[in-house]
Amino acid sequence: MRRPALATLALSLLALLFGWETRQALRETPRGQDNAATAPTGAWQPGASSFDPQPPPDPAPASAAVAARPLFRQDRQPFRENASSVPARNYETELSRFTLLGVLGFGDGPVGVVTGKTGSKTDR
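Scope of this entry: the structure provided in the associated data block. Remember, predicted model here, so these are calculated numbers, not experimental data.

Comments concerning the overall build of the protein
- Across its full length, the protein carries three helices and two strands.
- Seen in sequence order, the protein has helices and strands lined up from the N terminus as α-α-α-β-β.
- In the protein, which comprises 124 residues, the share counted as buried stands at 2%.
- Of the contacts formed within the protein by residues at least 6 apart in sequence, a portion of 3% connects residues at least 24 apart.
- Carbon and sulfur atoms make up 61% of the accessible area of the protein, which totals about 12,300 Å².

Section: the pairing of strand β2 (residues 111–116)
- Here six bridges tie strand β1 (residues 98–104) to β2, and the two strands are oriented antiparallel to one another. The residue bridging F98 from the neighbouring strand is G116, located in β2.
- Counting the residues between successive antiparallel strands, the hairpin from β1 to β2 contains six residues, one of them, G107, with a positive phi of roughly 75°.

Cut-offs applied
- Residues numbered from 1 in each chain as written.
- Predicted model: local features only at pLDDT ≥ 70, side-chain atom pairs only at ≥ 80, totals over all residues.
- Heavy atoms only, no water.
- Helix = DSSP H or I, 4+ residues; strand = E, 2+ residues; numbered from the N terminus.
- Buried < 20%, exposed > 50% of the residue type's maximum accessible area, 1.4 Å probe, protein only.
- Contact = heavy atoms within 4.5 Å.
- Areas by Shrake-Rupley, 256 points an atom, 1.4 Å probe, with all protein chains shown as cover.
- Pairing = 2+ DSSP bridges.

Take a look at the structure:
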């Protein structure tokens, strides 16, 4: 009989405490207003005209400066399609020396079996 009376007393005290806190919160909040209605000055408000933001700065000069300077090595130069120091490779001629025998699908990806047209086993 003693335990239910203590539980009832504890629940009553908790209800009284929460009721008091709720009453205090309601008294401090002005009626008819919420937090969204009191926007700070300078904030956007519906119906108010606003100026257009400035366009972002042009990144072309900064990106050109980064592309022109060497990255990781001092002797690095930008890629040039027509470099005269390196002879152009004729891939068609190199690939015409080989014949595709088949494709095997083992593991992560397909593997091609290729043989040279000369017929020696070293070209395989």
